[in-house]
2 protein chains.
Amino acid sequence: MTSIAREDYLKAMWKLGSSNIGTLELANHLKVTPASTTKMILKLSENGLVRHKPYKGASLTEIGLKQALSVVRRHRLLETFLSKTLGLSNESLHVEAERLEHALSKDLENSIAKYLNNPVRDPHGHPIPGPNGEIFNNEDILLSECPISSTIIIRQVPDEDSEILIWLKHNGVSLGQKMYIKSKNNFDDSLVVEINNSLIEISSNMSKLVYVTIE
Amino acid sequence: MTSIAREDYLKAMWKLGSSNIGTLELANHLKVTPASTTKMILKLSENGLVRHKPYKGASLTEIGLKQALSVVRRHRLLETFLSKTLGLSNESLHVEAERLEHALSKDLENSIAKYLNNPVRDPHGHPIPGPNGEIFNNEDILLSECPISSTIIIRQVPDEDSEILIWLKHNGVSLGQKMYIKSKNNFDDSLVVEINNSLIEISSNMSKLVYVTIE
DNA sequence: TAATATTATTAGCCGTGGCTAAACTTTATA
DNA sequence: TATAAAGTTTAGCCACGGCTAATAATATTA
Ligand SMILES: [Mn+2]
Ligand SMILES: [Mn+2]
Ligand SMILES: [Mn+2]
Ligand SMILES: [Mn+2]
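These remarks concern the structure in this document. (Residues numbered from 1 in each chain as written. Chains lettered and ligands numbered in written order. Predicted model: local features only at pLDDT ≥ 70, side-chain atom pairs only at ≥ 80, totals over all residues. Heavy atoms only, no water.)

1. Here's the deal with the overall build of chain A
Per the secondary structure count, chain A includes eight helices and eight strands. Relative to the compact-globule value of 17 Å for 215 residues, chain A shows a C-alpha radius of gyration of 19 Å, a close match. Total accessible area on chain A stands at roughly 11000 Å², and carbon and sulfur atoms take up 51% of it. Charged side chains of chain A number 24 positive and 26 negative; the gap between the two group centres comes to 5 Å. (Helix = DSSP H or I, 4+ residues; strand = E, 2+ residues; numbered from the N terminus. Rg over C-alpha atoms; globule rule 2.2 N^0.38 Å. Areas by Shrake-Rupley, 256 points an atom, 1.4 Å probe, with all protein chains shown as cover. Lys, Arg positive; Asp, Glu negative; His and termini not counted. Charge placed at Lys NZ, Arg CZ, Asp CG, Glu CD.)

What follows is the structure, encoded as structure tokens:
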């Protein structure tokens, strides 16, 4: 019934948002052809995990959403576990969790959660869904949405692209770090921020991947 | 090229011994039909991992053996890791490792090995093959082969059957435990052994699953 | 040694999850 | 608004790893 491929599709759909997910969009995310994606969407649709309006888009049903969140929970618990025990770098966690997430039994998931004291954030600051899909209510907002002249604290960094993660780390953008937003360049929406008395420029794309809270 | 199924076949063949492995034997071990097994043997044979004489049996090639040992290494490292970190019971380790073993990258394998200080035994006492398949030279012998009136120390217990493991634990047969072999019943080769001043009977089958050293 | 039982292989089927190429919708553009 | 472009689906192929049923080889035993 469930399989690695299906779990990856459900998780990808969850990441891409709640409704009208395009076939191409999903296909690109999973590095698979649109034809394969349509086929899988139909399969998941038959199984009640996905709603599909031909040529219009797809979205997760309640059941599908729950399964997706279960995969996300396993992924983020694993990242947290590997980080804590082995001290793996933030950049290498994601790729490992991406495979292990499909091999975790409910029992082992529970053991790990208990061992970690039921964490609500993973090493990238991402919320870890609870055993029934509950996500704690965080107030994090996108860095790109912050007003100029605000002092902010970094809360979430992306986990998928290790190059981005390395760049962020190298420039002092890590969880808990305070920053001051100096200005925004209107031509490309890039930000100039001050970290530890040094100025760095954060591109618009980058600022849409980082979540913060305003101090 | 590699896959979960293939890794499980190679590992099973390694477990079943070095030569002339029967199709039925392998099929039973993997809970699969003989027809499926023949098919896979042919596939692995084409790929140079297995030698096959039709109707006579199969065995691992050098390359196949190396890959099998790599799976065994991952399996046993995982058992050790989960035991150490999460404190999982010896009975529950195997089934978890059975799935996770296929999702472990070389990097993660190395990290875990380092974290554990390159252990040479897993929680069941089984030798952990090195990164190139080397198995340390242990002197463990089967309990069933021990002479009467010898004092022995338990070195390895089986990992696949949690019921057996629970029985052994319940009767005080655990790693490092000293026992004295009192007698052997000739009619069924069962042993009577003394552990901590109490006598227990160990069946012939059971005594072929436990490795010991003579003190 | 001939019949029988056991073991192994082959043939052919199925579901899964990829792919390409072609057809079809929808959206954008001239 | 007709045409082109972009996005989506369908059709049909493939490898994988299961399965059953039929056949073939080997081992046992009468
Ligand atoms: Mn995955
Ligand atoms: Mn993460
Ligand atoms: Mn396995
Ligand atoms: Mn073991």
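The discussion continues.
2. Points about the coordination of the manganese ion (ligand 1)
All names here are of chain A. Those donors, Asp8 (OD), Glu98 (O), Glu98 (OE), Glu101 (OE) and His102 (NE2), are the protein atoms that reach the manganese ion (ligand 1), and they lie 2.0 to 2.4 Å from it. All donors of the manganese ion (ligand 1) belong to a single chain; written as a sequence motif, their spacing is D-x89-E-x2-E-H. You can see Asp8 sitting in helix α1 (residues 4-15) and its partner Glu98 sitting in helix α5 (residues 90-100), a full 90 residues away along the chain. (Donors = N, O, S within 2.8 Å, 3.2 Å for Na, K, Ca; no water.)

3. Re the protein's contact with DNA strand D
DNA strand D sits among 22 residues. The nearest are Leu24 and His52 of chain A together with Ser3, Lys39 and Lys43 of chain B. Taking the atoms of DNA strand D that fall within 4 Å of the protein, sugar and phosphate contribute 69% of them. One nitrogen or oxygen atom from the main chain of Leu24 of chain A is found 2.7 Å from a phosphate oxygen belonging to DNA strand D. With respect to DNA strand D, the backbone of Tyr55 of chain A contributes an N or O atom lying 3.1 Å from a phosphate oxygen. Those elements giving two or more residues to the surface near DNA strand D turn out to be α2 (23-30) and α3 (34-46) of chain A together with α1 (4-15) and α3 (34-46) of chain B. Ranked by residues supplied to the surface near DNA strand D, first place goes to α3 of chain B with five residues. (Near = heavy atom within 4 Å. Polar contact = N/O pair within 3.5 Å; in protein donor to acceptor, adjacent residues only side chain to side chain.)

4. A few points about the sheet that holds strand β7 (residues 198-202) of chain B
Within a sheet, each strand pairs with its neighbour through backbone hydrogen bonds, oriented either parallel or antiparallel. Read across the sheet, six strands follow the order β3-β8-β4-β5-β6-β7 (chain B) without closing on themselves; strand pairing throughout is antiparallel. Two strands bound the open sheet, and with one partner strand each, they are β3 (141-142) and β7 of chain B. (Pairing = 2+ DSSP bridges.)

5. A word on the packing of aromatic side chains
Aromatic rings considered in pairs are described by the distance between their centres and by the relative angle of their planes. All told, the structure shown has three aromatic pairs over all chains when counted by the stated rule. Measuring from centroid to centroid gives 5.6 Å for Phe81 of chain A and Tyr115 of chain A, while their planes differ by 85°, and the two rings are edge-to-face. A residue pair is termed long-range when its members are at least 10 positions apart, and Phe81 of chain A in helix α4 (residues 62-86) and Tyr115 of chain A in helix α6 (residues 106-115) qualify at 34 residues. Overall, Phe81 of chain A belongs to the buried group, its relative accessible area being 3%. Tyr115 of chain A gets classed as partly exposed once you look at its relative accessible area, which sits at 29%. When the centroid spacing of 5.6 Å and the interplanar angle of 50° are considered together, the rings of Phe81 of chain A and Phe81 of chain B count as tilted. Residue Phe81 of chain A is located in helix α4, and its partner Phe81 of chain B is located in helix α4 (residues 62-86); the two belong to separate chains. A network of ring pairs unites the aromatic residues Phe81 and Tyr115 of chain A together with Phe81 and Tyr115 of chain B as a single cluster. Geometry around Tyr115 of chain A places Lys84 of chain A over its ring, the cationic atom sitting 5.6 Å from the centre. (Phe/Tyr/Trp six-rings, centres within 6.5 Å; stacked < 30°, edge-to-face > 60°. Buried < 20%, exposed > 50% of the residue type's maximum accessible area, 1.4 Å probe, protein only. Lys NZ or Arg CZ within 6 Å of the ring centre and 35° of its normal.)

6. Side note on the nonpolar core
Counting 32 residues, the largest nonpolar core has Leu108 and Ile112 of chain A together with Leu100, Leu108 and Ile112 of chain B as its most contacted members. Elements supplying a minimum of two residues to this core: α4, α5 and α6 of chain A together with α4, α5 (90-100) and α6 (106-115) of chain B. Contacts of Leu108 of chain A, omitting those with residues within four sequence positions, involve Leu82, Leu86, Leu88, Glu96 and Leu100 of chain B. (Core = buried A, V, L, I, M, F, W, Y, C linked by side-chain atoms within 4.5 Å. Contact = heavy atoms within 4.5 Å.)

7. Comments concerning the sheet that holds strand β7 (residues 198-202) of chain A
Residues and elements named next belong to chain A. With antiparallel pairing, six strands are arranged side by side in an open sheet as β3-β8-β4-β5-β6-β7. Across the chains shown, the open sheet's two edge strands, defined by having one partner strand only, are β3 (141-142) and β7. The sheet contact formed by strand β5 (residues 178-185) and strand β6 (residues 190-195) spans five bridges and is antiparallel. Within β6, the position partnered with Lys184 by the bridge is Leu191.

8. Comments concerning unusual backbone geometry
Residues and elements named next belong to chain A. Positioned with a positive phi, Lys31 is a non-glycine residue whose angle comes to about 55°. Residue position: Lys31 is located in the loop between α2 and α3. A positive phi angle, close to 70°, is found at Ser149, a residue other than glycine. In this fold, Ser149 is placed in the loop between β3 and β4 (151-156).

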